[in-house]
Amino acid sequence: MDSICMSAGGSTYLPNGVKMGLREPGGRLAAGGTVGIVGSGDFAKSLTLRLLRSGFGVVVGSRHPKRAAEAFPHVVDVTHHEDAVEKAGLVFLAIRREHYSSLWGLKHLLVGKVLVDVSNNRRRDQYPESNAEYLASLFPESFVVKGFNVISAWAMQSAPRDTCSLVYICSNSLVARQQVLELSRQMGFTPVDMGALSSARDIENMPLRLFPAWRGPVLAAVALSIFFFAYAFVRDVLHPYLKSGLSLFYKLPVEVVNHTVPCVAITLLALVYLAGQLAAAHQLGYGTKYRRFPAWLEEWLACRKQLGLLSFFFGGVHTLYSLCLPMRKSDRYLQMNMAYQQVHANIEDSWNEEEVWRVEMYLSFGIMSLGLLSLLAVTSIPSVSSALNWREFSFIQRVWTGIS
């Protein structure tokens, strides 16, 4: 039996009957209850401030309480580990895995306590088991909860709207997990229940991931950039040099790059919608929508948003480069040479109606396309997309994209 929650006289008890603190009507942990923190580092300081602002009392356990007390508000009880653990029913362990063994002497005081492990590792899968599972094996009579490790010390002190507010929480004890979920809500975070403690490894790996959803799209963008840059270099610089001895290497920093980025942008945008077409062909080919897509197609479909945002980025870079073209010294020299040649040839009017119209249309369509891509990029922002219903979002993504 995992755990039993008993309530009597407005008090809440931990699964083994240890009193946790008062509950308000409706099941919320009452403000004013005491929460313990073992550790006095930066995260412990930020966590203390957040708990105080949420209306909780805080007792901090430190190896050097007199020295650590200088960094905490005067309302915080900074004491030794033994006193801190004894005064609180829920204890945050703001220490590294290597120091878990230092609490071995407090094992009898941790019986029935809820231990919230906030630790992270230096690299992914650093140990055979997660830190939380290792902690649970050291203190089997305590209720270990993994959580708050994806929140930085800076985010802990900031307002909820200024940072990501998601907190992933897991534990083998249903009651302990629910208590920490409710505590995180009262602290202004958005808790995500990840189930049993076996999910702790995934939670601990989250802060160590570097844009996992962007890896494939970025590699695709880099490969396309190299290809189109090499093609533009061979066509516009290397070929004239080998054929006529004309040195046009000055075009590399601006012109060749400006020929590259729009090609990458339009190709990435095409990849966004090619995946959907292949998925539709797959379903039509098998005559059902319930057959799973191949793994490569599922990954492609999942990264369409990133491909679209990268397309918008390259389109914006192309716009900036195009605006800077007339500022180049080489362009000014070319304009002066052209004017000199017209004077020398006694040409009074060099107006070309077809060329003027073509350039005007290019500019107009380019600006409108960038505006539509900007609209698509903005609607991809979570805070904006969450304000749209599915029909509105689908209309913008399908109709406006087809126009762009």
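About the cut-offs
- Residues numbered from 1 in each chain as written.
- Predicted model: local features only at pLDDT ≥ 70, side-chain atom pairs only at ≥ 80, totals over all residues.
- Heavy atoms only, no water.
- Core = buried A, V, L, I, M, F, W, Y, C linked by side-chain atoms within 4.5 Å.
- Buried < 20%, exposed > 50% of the residue type's maximum accessible area, 1.4 Å probe, protein only.
- Contact = heavy atoms within 4.5 Å.
- Helix = DSSP H or I, 4+ residues; strand = E, 2+ residues; numbered from the N terminus.
- Expected span 1.5 Å × (residues − 1).
- Right-handed = clockwise from strand over helix to strand, strands pointing away.
- Pairing = 2+ DSSP bridges.
- Axes fitted to C-alpha atoms, helices over the stretch in contact; angles between N-to-C directions.
- Parallel < 35°, antiparallel > 145°, perpendicular 65-115°, else oblique.
- Left-handed = near helix turned anticlockwise from the far one by under 90°.
- Nonpolar A, V, L, I, M, F, W, Y, C, P; charged D, E, K, R; others polar.
- Salt bridge = Lys/Arg side-chain N within 4 Å of Asp/Glu carboxyl O.

Asker: Is there a simple way to explain the nonpolar core in this structure?
Answerer: Soluble globular proteins tend to pack their nonpolar side chains together in the buried interior. By size, the foremost hydrophobic cluster in this structure holds 33 residues, and its most contacted members are Ile37, Leu51, Phe92 and Phe148. Residue contacts for Ile37: discarding those within four places in its chain leaves Ala44, Leu47, Thr48, Leu51, Val58, Val59, Val60, Gly61, Phe92 and Ala94. Within the second largest apolar cluster, 23 residues are counted, among which are Tyr100, Leu115, Ala132 and Leu135.

Asker: Please explain the environment of Ser199 as it appears in this structure.
Answerer: Mapped onto the elements of the fold, Ser199 is located in the loop between strand S11 (190-193) and helix H7 (200-205). A residue is classified by how much of its surface remains accessible, and Ser199, at 14% relative accessible area, is buried. For the pair formed by Ser199 and Cys170, sequence separation is 29 residues and the distance between their alpha carbons is 6.5 Å. With sequence-adjacent residues up to four places away left out, Ser199 is seen in contact with Cys170 and Met194.

Asker: Please explain helix H6 (residues 174-186) as it appears in this structure.
Answerer: Given 3.6 residues per turn, any residue in an α-helix points the same way as the ones three and four places further on. Helix length check: H6 (13 residues) gives 18 Å between terminal C-alpha atoms against 18 Å at 1.5 Å per residue, within 8%. Considered for burial, the residues of H6 that qualify are Val175, Ala176, Arg177, Gln179, Val180, Leu181, Glu182, Leu183, Ser184 and Gln186. Just beyond H6, the residue with positive phi is Gly188, at close to 95 degrees.

Asker: Sorry if this is basic, but what is going on with the pairing of strand S9 (residues 143-146) here?
Answerer: Within a regular beta strand, the side chains point alternately toward one face of the sheet and then the other, so they alternate between its two faces. Where burial is concerned, the two faces of S9 agree: the one with Phe143 and Val145 and the one with Val144 and Lys146 are both buried. Between the parallel pair strand S8 (residues 114-117) and S9, the chain is carried across by helix H4 (residues 131-138), and the sense of this crossover is right-handed. Relative to strand S10 (residues 166-171), S9 is paired through two bridges, and the arrangement is antiparallel. The partner of Val145 across the bridge, within S10, is Ser171.

Asker: Hey, could you run me through the packing of helix H8 (residues 215-244) against helix H9 (residues 252-286) in this one?
Answerer: Geometrically, a packed helix pair is captured by the angle between its two axes and the distance between the axes. Orientation of H8 relative to H9, taken along the N-to-C sense of each, is 135 degrees, at an axis distance of 8 Å. The angle between H8 and H9 falls in the class oblique. The crossing of H8 and H9 is right-handed. Between H8, through Ala221, Leu224, Ser225, Phe228, Phe229, Ala232, Phe233, Arg235, Asp236 and Val237, and H9, the contact on the second element is made entirely by Leu252, Val256, Val257, His259, Thr260, Cys263, Val264, Thr267, Leu268 and Leu271. The residue makeup of the contact of H8 with H9, split by class, is 14 nonpolar, four polar and two charged.

Asker: What is the right way to read the environment of Tyr127 from this model?
Answerer: The residue Tyr127 is located in the loop between S8 and H4 in this model. Contact partners of Tyr127, with chain neighbours within four places excluded, come to Arg97, Glu98, Asn121 and Arg201.

Asker: Would you explain the sheet that holds S10 in this entry?
Answerer: The strands that make up a sheet are held in pairs by hydrogen bonds between backbone atoms, and each pair lies either parallel or antiparallel. In spatial order, the strands read S6-S5-S4-S7-S8-S9-S10-S11; together these eight strands make up an open sheet with mixed pairing. In this open sheet, the two edge strands, each paired with only one partner strand, are strand S6 (77-79) and S11. With direction set aside, neighbouring strand axes in the sheet form an average angle of 25 degrees. Running at roughly 175 degrees to strand S4 (residues 34-38), helix H1 (residues 42-53) makes contact with S4, strand S5 (57-61) and strand S7 (90-93) of the sheet. Taken strand by strand, H4 contacts S7, S8 and S9, and its axis lies near 170 degrees from that of S9.

Asker: Help me out: how do you make sense of the packing of H9 against helix H10 (residues 295-302) in this one?
Answerer: The interhelical angle for the contact between H9 and H10, taken along N-to-C directions, is 135 degrees, at an axis separation of 9 Å. Put simply, H9 runs oblique to H10. The handedness of the crossing between H9 and H10 comes out as left-handed. Listed contacts from H10 to Leu271, Leu274, Ala275, Gly276, Leu278 and Ala279 of H9 are Trp296, Leu297, Trp300 and Leu301. Of the residues assigned to the contact of H9 with H10, the class counts are nine nonpolar, one polar and no charged.

Asker: Can you walk me through the pattern of salt bridges in this structure?
Answerer: If the charged atoms of two oppositely charged side chains come close together, the side chains can form a pair. Tallying each qualifying case throughout the model produces 11 salt bridges. Notably, a salt bridge pairs Asp125 with Arg201, separated by 3.0 Å at the nearest N-O pair. With Asp125 in the loop between S8 and H4 and Arg201 in helix H7, this residue pair connects regions lying 76 residues apart in the sequence. The salt bridge partner of Glu298 is Arg292, with a shortest N-O separation of 3.1 Å. For Arg292, a relative accessible area of 62% corresponds to the exposed category. Connected through salt bridges with shared partners, the residues Asp117, Lys146 and Glu204 form a single ionic network.

Asker: Could you clarify how one ought to interpret the pairing of S4 in this entry?
Answerer: Judged by how many residues are buried, S4 sits mostly within the fold: four of five residues are covered. Assessed by its sense of winding, the connection that carries the chain from S4 through H1 to S5 is right-handed. Two strands pair when backbone bridges link them, and S4 and S7 are joined in this way by three bridges, in the parallel orientation. Bridge assignment links Ile37 to a residue of S7, and that residue is Phe92.

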